[in-house]
Amino acid sequence: MRIEVLDDEDSVAQKAAETIAGEARAALAERGRFTLAVSGGRTPWVMLRALAGQSISWEGVHLMQVDERVAPAGHGDRNLTHLSKSLLDHVPLRPEQIYAIPVELPDLESAAVQYAQSLRSIAGAPPVLDLVHLGLGPDGHTASLVPGDPVLDVTDADVAVTGLYQGRRRLTLTYPVLNRARRVLWVVTGSEKSGMLVRLIRGDTAIPAGRVRRDNALVLADRAAAGPGCSGD
């Protein structure tokens, strides 16, 4: 795991956008396709707005979601709502290049199976994503892998349904598919994350984030999140 500490949230978002664009160009040159899964959050929306301004051959990009809340289409709780405003409305991605988690389906277990099939259709069986963007919660969660949820123990499915967390059930990618990704990009900002960031960097598997593969990971953090407990390159 490599960590880079930047001055502030905007610097992190810009560097993250540049990192994703670089990975996209490399994957497109090597394999003709770039598969990207993104998480939600305030800084990621800034990151995605910056990504929209990067020079990328968008016709080869396939965009997935790391997780999604069970809420109506267009609702402010939906990651897809913000993803659309930040990125999808500004880049030439065709509908067939965008893989939204189908949380509107009445049967959430079937929705999870359907999304896993979508991953396989574009990223192979088992699916190997080129880059997964993750955030870090103050409780140590990442994606919608939250402390105490049975979803943490799922090893036989790439997508699973969570219990209630902050008032919503969610669909989330699970450890198996996260840990097959070619590259993991952590974007961490805010002083409330500082304690958990130290634990993530130390590989503390007692927190959900600490169970994500480390050897291919880059952490971009602002100084508030880094605090005195960690230092960057």
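Everything quoted here is computed from the prediction, not taken from an experiment.

Analysis parameters
- Residues numbered from 1 in each chain as written.
- Predicted model: local features only at pLDDT ≥ 70, side-chain atom pairs only at ≥ 80, totals over all residues.
- Heavy atoms only, no water.
- Helix = DSSP H or I, 4+ residues; strand = E, 2+ residues; numbered from the N terminus.
- Buried < 20%, exposed > 50% of the residue type's maximum accessible area, 1.4 Å probe, protein only.
- Contact = heavy atoms within 4.5 Å.
- Pairing = 2+ DSSP bridges.
- Axes fitted to C-alpha atoms, helices over the stretch in contact; angles between N-to-C directions.
- Core = buried A, V, L, I, M, F, W, Y, C linked by side-chain atoms within 4.5 Å.
- Salt bridge = Lys/Arg side-chain N within 4 Å of Asp/Glu carboxyl O.
- 1 Å grid on protein atoms, 1.4 Å probe; cavity = no way out; pocket = protein on both sides within 12 Å on 5 of 7 lines; lining within 4 Å.
- Points joined across faces, edges and corners; volume = space filled by probe spheres on them.
- Nonpolar A, V, L, I, M, F, W, Y, C, P; charged D, E, K, R; others polar.

Asker: So what's going on with the environment of Gly-140? Residues and values would help.
Answerer: Within the secondary structure, Gly-140 sits in the loop between β6 (131–134) and β7 (159–161). Among the residues examined, Gly-140 registers a relative accessible area of 0% and is labelled buried. Along the primary structure Gly-140 and Leu-200 are separated by 60 residues, whereas in three dimensions their C-alpha atoms are 8.1 Å apart. Those residues within four positions of Gly-140 in sequence are excluded, and the remaining contacts are Met-196, Ile-207, Pro-208 and Ala-209.

Asker: Outline the pairing of strand β3 (residues 61–65), supporting the account with residue identities and numerical values.
Answerer: A regular strand places its side chains so that they alternate between the two faces of the sheet. The element β3 is largely enclosed, with a buried count of five among its five residues. Residues of β3 alternate between two faces, with Val-61, Leu-63 and Gln-65 on one and His-62 and Met-64 on the opposite face, all of them buried. Pairing of strand β2 (residues 34–38) with β3 involves five bridges; the strand directions are parallel. Its bridge partner being in β3, Ala-37 is matched across the sheet by Met-64.

Asker: Explain the sheet that holds β3 to me, using residue names and the numbers behind them.
Answerer: If you walk across this open sheet you meet the seven strands as β1-β10-β9-β6-β2-β3-β5, and the pairing is parallel. Every interior strand has two partners, whereas the edge strands, β1 (2–6) and β5 (98–99), have only one. The pairing of β6 with strand β9 (residues 184–188) spans three bridges and is classified as parallel. Bridging from a neighbouring strand, Val-132 pairs with Val-184 of β9. Against the sheet, helix α4 (residues 108–123) engages β2, β3 and β5, with an angle of about 160 degrees to β3.

Asker: Got a sec to walk through the nonpolar core? Specific residues and values, please.
Answerer: If you look at the biggest cluster of nonpolar residues, it comprises 48 residues, and the most contacted ones within it are Leu-134, Leu-173, Trp-186 and Leu-197. With eight residues, α4 is the largest single contributor of residues to this core. If we ignore the near neighbours within four places in the chain, the residues touching Leu-173 are Ala-37, Gln-65, Val-66, Tyr-115, Leu-119, Leu-129, Ala-143, Leu-145, Asp-158, Val-159 and Leu-178. Counting residues in hydrophobic clusters, the runner-up holds 34 residues, among them Val-12, Leu-51, Leu-80 and Leu-131.

Asker: Lay out helix α2 (residues 42–51) with the relevant residues and their values.
Answerer: For α2, the tally of buried residues reaches eight of ten residues, placing the bulk of the element in the interior. Looking at α2, one finds that the buried residues are Thr-43, Pro-44, Trp-45, Val-46, Met-47, Leu-48, Ala-50 and Leu-51. Each element contacted by the buried residues of α2 is listed here: α1 (9–31), β2, α3 (79–88), β6 and β9.

Asker: Could you give me a rundown of the pairing of β6, with the residues and numbers involved?
Answerer: Here β6 shows no split at all, with Leu-131 and His-133 on one side and Val-132 and Leu-134 on the other all buried. As judged from the two bridges shared by β2 and β6, these two strands associate in the parallel manner. Bridging across to β6, Ala-37 finds its partner in Val-132.

Asker: Which residues make up the pattern of salt bridges, and what are the values?
Answerer: Scanning the entire structure with this criterion turns up 14 salt bridges. When the shortest N-O distance is used, the salt bridge between Arg-31 and Glu-30 registers 3.5 Å. For Arg-31, a relative accessible area of 36% translates into the label partly exposed. Overlapping salt bridges bring together Glu-30, Arg-31, Asp-130 and Arg-182 as one network.

Asker: Provide a residue-level description of the layout of surface pockets, including the pertinent values.
Answerer: In this approach a probe as big as a water molecule rolls over the atoms, and the regions it shows empty are the leftover space. Reported here for the largest pocket is a volume of approximately 540 Å³. As for the largest pocket, its lining consists of 24 residues, of which Gly-40, Gly-41, Arg-42, His-141 and Lys-193 are closest to the centre. Breaking the lining of the largest pocket down by element, the ones donating at least two residues are α2, β4 (67–69) and β9. For the lining of the largest pocket, the leading source of residues is α2, giving three residues. Class assignment for the residues of the lining of the largest pocket results in seven nonpolar, eleven polar and six charged.

By themselves, these are just geometric observations and shouldn't be taken as functional.
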